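One letter stands for each residue in the lines below.
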There are 4 protein chains.
Amino acid sequence: MPTAKSKQKKTPTAANASPERRRELLAIAAEVFAEQGYNATTVRRIADEAGMLAGSLYYHFDSKESMVDEILSTFLTELWEGYDAVLAAGLGPRETIDALVTESFREIDRHRAAVAIYQKEARQLAAQPRFGYLTDSQRKFEKAWLGTLERGVADGTFRADLDIRLTYRFLRDTVWVAASWYRPEGRHSPEEIARQYVSMVLDGIAVPAEVRR
Amino acid sequence: MPTAKSKQKKTPTAANASPERRRELLAIAAEVFAEQGYNATTVRRIADEAGMLAGSLYYHFDSKESMVDEILSTFLTELWEGYDAVLAAGLGPRETIDALVTESFREIDRHRAAVAIYQKEARQLAAQPRFGYLTDSQRKFEKAWLGTLERGVADGTFRADLDIRLTYRFLRDTVWVAASWYRPEGRHSPEEIARQYVSMVLDGIAVPAEVRR
Amino acid sequence: MPTAKSKQKKTPTAANASPERRRELLAIAAEVFAEQGYNATTVRRIADEAGMLAGSLYYHFDSKESMVDEILSTFLTELWEGYDAVLAAGLGPRETIDALVTESFREIDRHRAAVAIYQKEARQLAAQPRFGYLTDSQRKFEKAWLGTLERGVADGTFRADLDIRLTYRFLRDTVWVAASWYRPEGRHSPEEIARQYVSMVLDGIAVPAEVRR
Amino acid sequence: MPTAKSKQKKTPTAANASPERRRELLAIAAEVFAEQGYNATTVRRIADEAGMLAGSLYYHFDSKESMVDEILSTFLTELWEGYDAVLAAGLGPRETIDALVTESFREIDRHRAAVAIYQKEARQLAAQPRFGYLTDSQRKFEKAWLGTLERGVADGTFRADLDIRLTYRFLRDTVWVAASWYRPEGRHSPEEIARQYVSMVLDGIAVPAEVRR
DNA sequence: CATGAATGAGAATTCATTCAT
DNA sequence: GATGAATGAATTCTCATTCAT
């Protein structure tokens, strides 16, 4: 509701429209970004998909960049709500990993496109100041997972013979790359996928020798 | 694996120069592609890095596309030499997985940039007929790994309670994403990384209950 | 001096609103045009300043162009009322110049923005048929000033050793460019500024030799 | 001559071409800018005038902005060479004014288009940090002229009854607006125009009373 | 009277590619 | 083998304008 003399210099266009329309458009954009890659996606393509002309998108958003920005920051905000809840619950290392993995697959389920974009583009985007929060998030992320692993090694829950940073990367990648193949309509629920992933990660895919015997 | 030469459409230019120069230039290009992404990389940038002007690259290559083509096909050719040797060795499922993972990390070590490019761009490139071999390779790849897993489940080596396609994806991603963080000068040799990965994947990161006791 | 209404091409929109609102909006528009330049001024910016949305301006005006049109024609209409009165008064050359300069500064005081716009944009706008009156006005203007100068040279009031067209341009520019720095709240009244300008122009800024002696 | 590894990140294109070609293109651009105004001039128009495609201009210049930048800064550099020489000559106030006016008309003669651009666009461009030198130059300019006037008033050369800032603006505008009508092929040489301007400014256009008698 | 959403015609700019030298 | 200059198509973004509500 612009009042007389309100000169919104910075954001001439953005944040005008109704939140619902924005969300619709962002969902479309996210889908296309995820499929084609951010750079390879033209604004025109998004507009086509939304049934409007390329220029019309600029009524809703400042730029292509601000679209990814909003897609990623929205996703990360929600992710951290979930993660923070898990981390605040005071669970043991094994249960924390379990809960984080489960939470992650729930996020992948809810924000598949955003996660895929994050995976592919984060490194490059993070170079721009505007996307500094990506780096921040990554740091927090590392702290959460690595810390849990360290706790687990300390209390004997996790193996001590593995390079812990390697283990961290293994876990991290293992979970998130799933966004590249995950389909919401697929056979398994995110919880079921999470259950199996946790099981693989914690206990391995091999049948233990003493069982096999 | 089709090699990417045979394409001298109009000009008698491409594929002229000495093979060594080509390889040098491709190495440079691969590095830049890996770092910035294929789309985001300008021919000019590659030329800059090579100490020449953008136009000059066209003496050596037909197009930007033919550069990735050659980078990826060279990599895949080598990869399959290694894989085929492993698969032909008649090993048991556990040993085959071990060998494939090890071979994979060796390839990551040798072709880090190419692997990173493959990870990021394969899906999109594969849409073009020229890159049909990417899809072929992926199919062969799946057959090799999935087959090994199935063999393992059948003979009791691997757990039967896991969705096998899930396991396959888990394994595949787990190994290859490593290219995104792997640095040849890093602490661990590719063989050491492979050893730890295999150990995690097969036996899990948790200390088994009966040991912990 | 054609007035810029009579243009309701398609819509019955323009020239609807109350004349006061129009004048308010035109004053705002003139200010922005003067400050940023006609081309660089967006309709949105004017609307912002007026506390409405860009589209809403089109209830009041046919187009951006019709805004400048109305601003300039209104100004010129008033200018010529003043000038015509001076020219009809039958004054001598010196007194006529004096009166014209004074009248000009009064117009600058009243229509600072319009004058500034005129100075900057007239040449370009005049190329369009719609703004033909700008050229007409300029011709009339030249006739009035140049004629007065010629009269003055003829009767010995003004120096005969100067190129008269040069003198004309000198005078014309000298007066009107003042619009670019004039501020109504400034130290001097328009009449005082005019007095000093006339004095400079007629008698020069140097102290005459025989006085200095 | 780019050497291997020379990554000119900031200026990917500009400053490549031979200086002569640059100068040619800048001369063309200046002409168009002067005639149509900076904003109203499209890059395409400049390219048309130069007999090339719009995109081709970007081989020579980074942007439309960098074209005006180079045009203006080149002009100002030369202007100050001339001005500085005058100011260093240790002339009296009257002679200094004379010399500055003459130098100014010489610059108008040499850089007519640049001067016209400066007149029309300086205020707006100066808002951008990149064009900070415009403000600097203006300040120096004011200091030079105003200082000379003050010296003249102090030593009795110039009238003391005039507002000195008004006089300064009068002089400044009077000289530079001439760029808007000056044509190199015109009747008068820049020196002749300067002579007449100086005469008008110093001694006025009126015949002194005691002479007229 | 005004808003919200869109249109559509450019605008500047980028970049792979070509080619004469 | 490489340079310098250009092409031309595509891309992001801007903005005056329209119009149903």
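Residues numbered from 1 in each chain as written. Chains lettered and ligands numbered in written order. Predicted model: local features only at pLDDT ≥ 70, side-chain atom pairs only at ≥ 80, totals over all residues. Heavy atoms only, no water.

Chain A is annotated in an unreviewed UniProt entry as TetR family transcriptional regulator of Streptomyces gilvosporeus.

This brings us to the interface of chain A and chain B. Residue-level contacts link 45 residues of chain A with 46 residues of chain B. Buried area between chain A and chain B, both sides added, is near 4200 Å², and the carbon and sulfur share of it is 57%. For the pair chain A and chain B, the number of links is two salt bridges. Where A:Asp163 meets B:Arg187, a salt bridge forms, and the shortest distance between an N and an O atom there is 3.7 Å. Where chain A meets chain B, there are 25 residue pairs in polar contact (both at pLDDT 80 or more). Put simply, the parts of the chain that give the side of chain A that touches chain B at least two residues each are helix 1 (19–36), helix 6 (112–125), helix 8 (164–176), helix 9 (190–203) and helix 10 (209–212) of chain A. Looking at the side of chain A that touches chain B, the element that brings in the most residues is helix 8 of chain A, giving nine residues. Among the residues making up the side of chain A that touches chain B, the classes are represented as 17 nonpolar, 13 polar and 15 charged. (Contact = heavy atoms within 4.5 Å. Buried area = accessible area lost by both parts, 1.4 Å probe. Salt bridge = Lys/Arg side-chain N within 4 Å of Asp/Glu carboxyl O. Polar contact = N/O pair within 3.5 Å; in protein donor to acceptor, adjacent residues only side chain to side chain. Helix = DSSP H or I, 4+ residues; strand = E, 2+ residues; numbered from the N terminus. Nonpolar A, V, L, I, M, F, W, Y, C, P; charged D, E, K, R; others polar.)

What follows concerns the relation of the copies chain A and chain B. Rotating chain A by 180 degrees about the axis while translating it 0.1 Å along that axis superimposes it on chain B, leaving an RMSD of 0.1 Å. Expressed as a symmetry operation, the mapping of one chain copy onto the other fits a two-fold axis. In terms of C-alpha distance to the rotation axis, chain A has A:Gly204 as its closest residue, with the C-alpha 1.8 Å off the axis. An overlap of 100% is found between the interface residues of chain A and their copies at the interface of chain B, pointing to a shared contact surface. (Least-squares fit on C-alpha atoms with pLDDT ≥ 70 in both.)

In this section: the protein's contact with DNA strand F. Neighbouring DNA strand F are 33 residues; A:Tyr58, B:Ser56, C:Tyr58, D:Ser56 and D:His60 lie closest to it. Backbone atoms, meaning sugar and phosphate, form 73% of the atoms of DNA strand F found within 4 Å of the protein. D:Arg21 has a polar side-chain atom sitting 3.1 Å from a phosphate oxygen of DNA strand F. One of the side-chain nitrogen or oxygen atoms of D:His60 is found 2.6 Å away from a phosphate oxygen of DNA strand F. (Near = heavy atom within 4 Å.)

When the UniProt feature table is mapped onto this chain, "DNA-binding region" (unreviewed entry) is found at residues 42–61 of chain A. This span, residues 42–61 of chain A, is 60% helix and 0% strand, and a straight line between its end C-alpha atoms measures 14 Å. (UniProt positions renumbered as here; feature names shortened; annotations may be inferred.)

For the rest of this paragraph, the subject is the protein's contact with DNA strand E. Residues in close proximity to DNA strand E total 33 residues, the closest being A:Ser56, A:His60, B:Tyr58, C:Ser56 and D:Tyr58. For DNA strand E, the backbone portion of the atoms within 4 Å of the protein, that is sugar and phosphate, comes to 74%. Separating a phosphate oxygen of DNA strand E from a side-chain N or O atom of A:Tyr59 is a distance of 3.5 Å. Here C:Ser56 contributes a side-chain N or O atom positioned 2.9 Å from a phosphate oxygen of DNA strand E. Those elements giving two or more residues to the surface near DNA strand E turn out to be helix 3 (57–60) of chain A, helix 2 (43–50) of chain B together with helix 3 (57–60) of chain C. Of the residues belonging to the surface near DNA strand E, the class tally is twelve nonpolar, 15 polar and six charged.

Residue and element names in this part refer to chain A. For the structure shown, the criterion picks out 46 aromatic pairs over all chains. When the centroid spacing of 5.4 Å and the interplanar angle of 80 degrees are considered together, the rings of tryptophan 80 and tyrosine 83 count as edge-to-face. In this pair, tryptophan 80 and tyrosine 83 both sit in helix 4 (residues 64–88), three residues apart, roughly one turn of the helix. Summarising the burial analysis for this pair, tryptophan 80 and tyrosine 83 share the class buried. Centre to centre, the rings of phenylalanine 141 and tryptophan 176 are 6.0 Å apart; their planes meet at 55 degrees, and the pair counts as tilted. Residue phenylalanine 141 is found in helix 7 (residues 132–154), and its partner tryptophan 176 is found in helix 8; the two are separated by 35 residues along the sequence. Comparing phenylalanine 141 with tryptophan 176 shows no difference in burial state: the two are buried. Three or more aromatic residues joined by ring pairs make a cluster, and in this case those are Phe75, Trp80, Tyr83, Tyr118, Phe141, Trp145 and Trp176. (Phe/Tyr/Trp six-rings, centres within 6.5 Å; stacked < 30°, edge-to-face > 60°. Buried < 20%, exposed > 50% of the residue type's maximum accessible area, 1.4 Å probe, protein only.)

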